[in-house]
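# Summary of structural features
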Amino acid sequence: QVEGVSECFYDLFNQHFKEFRKEDGEVSYFANIAIGGVSRPCLVSPSFQCIVHVQSSELANLPAPFLNRFEKFQLNIDDILRWRLKQLTPGLRDILSQSLRHSQDFVESIGANSVWSPSAEDTLKSIYISLIRPEVRSENHSLLETGTSGDSIASDVLEFILNNFDVDMTVEDIQSCIDSARVEYRSSKDGVELERVIDCVSKGKIVLPFEDVRNDCLRTPLSRALKQIILSSITRCVVVRLLQLVRPDALYLRRHAVPGEVLRLYFGEQEHFSLKRLIGKLSESHKTTSQFHIIYARSD
């Protein structure tokens, strides 16, 4: 943003450049940049482009001459999410789209005002944007931690997810979603197929059809069950991130409308009730990057 200094770049924004041609034919461009009462010619790259970001709430206060110097485009979180989703394969795009709808249902069940955010909907969509990697990794590139067992369906699914999405998950997280899928499909044909596949994968007799899931070609009960496991795993990851912004009192008041797994994650795996344990865990992490932590505290 250039609020307060835009007048200094009058010549630059209006493309009032002075050309200087060298003996070898190379052309240099200069624009006068003013700071207070001092003005200096500054070199401008031939490929120079300027993008000015303005919030929509500030647009009405900007002078018309300033706006007329630029092409104008309106962008919001939905535009960015749609653009990122288009970069994915049909199967991965459908997984995130379905997961977003499930997460929106969760936010609705606890109430949007339960989330520490000016807009719970935008916060949720920003989480999904962060899940999309700039480039999908090769399936040959394993991101599993050393020592992780590779002879189970959970570890295979985890490797697929880590190669395609920017998530922080463990084999135990995936196994929890598989157990839920086994309960959900227990009385269906897909459930019988899933039980058979789990047994065959553990014995190394079958390869999971991840390409079918990636391209949304769900021709077999196995591929449909596999997609459901990946979908549940991604949704679980998003809910865990979102829970960090949910007020404890609000979630407790709506506990009857929230799945038991969510309550277990919130009250059992997050340090909400012991500031001492929370600080101890943060101090033991030894992270090199600086982070800002918000601690919600209450006293009687």
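Heads up: these notes are all about the structure in this document.

## Points about the overall build of the protein
Scanning the protein for helices and strands turns up 13 helices and three strands. Within the span of the protein, comprising 300 residues, buried residues form 35% of the whole. Within the protein, residue pairs in contact and separated by at least 24 positions form 57% of the contacts whose partners lie at least 6 positions apart. For the protein, the exposed surface amounts to about 19400 Å²; the carbon and sulfur share of it is 52%.

## Concerning the pattern of salt bridges
The tally for this structure, following the rule as stated, stands at eight salt bridges. Salt-bridge contacts for D78 lead to K125; the nearest nitrogen and oxygen are separated by 2.3 Å. A residue pair is termed long-range when its members are at least 10 positions apart, and D78 in helix α3 (residues 77–86) and K125 in helix α5 (residues 120–131) qualify at 47 residues. Measuring nitrogen to oxygen at the nearest pair gives 3.1 Å for the salt bridge that ties E211 to R214. With E211 and R214 both in helix α9 (residues 210–214), this residue pair falls three residues apart, about one helical turn. Accessibility expressed as a relative area gives 43% for E211, which makes it partly exposed. Look at R214 and you get buried, because its relative accessible area is 9%. Here the salt bridges share partners, and the residues they tie into one network are D78, E121 and K125.

## Details of the packing of aromatic side chains
Under the criterion given, the structure shown has seven aromatic pairs. What links up through ring pairs into an aromatic cluster is the set F9, F13, F66 and F70. Directly above the aromatic system of Y252 lies the positively charged group of R255, at a separation of 4.0 Å from the ring centroid.

## Some thoughts on the environment of I127
Residue placement: I127 occurs in helix α5. The class of I127 is buried, set by a relative accessible area of 10%. Taking the C-alpha atoms as reference points, I127 and R241, separated by 114 residues in sequence, lie 7.9 Å from one another.

## Some points on the side chain of K227
Looking at the element boundaries, K227 is found in helix α10 (residues 221–243). Classification of K227 as buried rests on a relative accessible area of 8%. Within the structure, K227 has its side chain in polar contact with the side chain of D94 (distance 2.4 Å). If near-sequence neighbours (up to four positions away) are discounted, K227 is found in contact with D94, I95, Q98, V213, D216 and L218.

## Here we look at the pairing of strand β1 (residues 18–21)
Sheet topology places β1 next to strand β2 (residues 27–35); four bridges connect them, and they run antiparallel. When the bridges of β2 are listed, R21 appears paired with V27. As consecutive antiparallel partners, β1 and β2 are separated by five residues, and within that stretch G25 has a phi angle of approximately 95 degrees, a positive value.

## Some remarks on the nonpolar core
Core analysis: the largest hydrophobic core is formed by 53 residues, its most contacted members being L96, V157, I161, V167, I230, I234 and L243. Sorting the residues of this core by element identifies α3, α4 (90–110), α5, α6 (153–164), α7 (171–184), α9, α10 and α12 (260–268) as the ones contributing at least two each. Tallying contributions element by element places α10 first for this core, with eleven residues.

## Quick word on unusual backbone geometry
One non-glycine residue with positive phi stands out, namely Q15, at about 60 degrees. Its relative accessible area of 60% is what places Q15 among the exposed residues. Even without being a glycine, D216 presents a positive backbone phi close to 60 degrees. Classification of D216 as partly exposed rests on a relative accessible area of 33%.

## What to know about the sheet that holds strand β3 (residues 38–44)
An order of β1-β2-β3 is seen for the three strands of this open sheet, with the pairing classed as antiparallel. The sheet terminates laterally at β1 and β3, the two strands that pair on one side only. Sheet twist, expressed as the mean angle between neighbouring strand axes with direction ignored, is 35 degrees.

## Side note on the packing of α3 against α5
Contact geometry for α3 and α5: axes closest at 10 Å, N-to-C directions at 25 degrees. Classed by the angle they form, the pair α3 and α5 counts as roughly parallel. The interaxial crossing formed by α3 with α5 has left-handed handedness. Counted together, I77, D78, I80, L81 and R84 of α3 and D122, K125, S126, Y128 and I129 of α5 form the full contact between these two elements. Its residues assigned to classes, the contact of α3 with α5 shows five nonpolar, one polar and four charged.

The rules behind the values
Residues numbered from 1 in each chain as written. Predicted model: local features only at pLDDT ≥ 70, side-chain atom pairs only at ≥ 80, totals over all residues. Heavy atoms only, no water. Helix = DSSP H or I, 4+ residues; strand = E, 2+ residues; numbered from the N terminus. Buried < 20%, exposed > 50% of the residue type's maximum accessible area, 1.4 Å probe, protein only. Contact = heavy atoms within 4.5 Å. Areas by Shrake-Rupley, 256 points an atom, 1.4 Å probe, with all protein chains shown as cover. Salt bridge = Lys/Arg side-chain N within 4 Å of Asp/Glu carboxyl O. Phe/Tyr/Trp six-rings, centres within 6.5 Å; stacked < 30°, edge-to-face > 60°. Lys NZ or Arg CZ within 6 Å of the ring centre and 35° of its normal. Polar contact = N/O pair within 3.5 Å; in protein donor to acceptor, adjacent residues only side chain to side chain. Pairing = 2+ DSSP bridges. Core = buried A, V, L, I, M, F, W, Y, C linked by side-chain atoms within 4.5 Å. Axes fitted to C-alpha atoms, helices over the stretch in contact; angles between N-to-C directions. Parallel < 35°, antiparallel > 145°, perpendicular 65-115°, else oblique. Left-handed = near helix turned anticlockwise from the far one by under 90°. Nonpolar A, V, L, I, M, F, W, Y, C, P; charged D, E, K, R; others polar.

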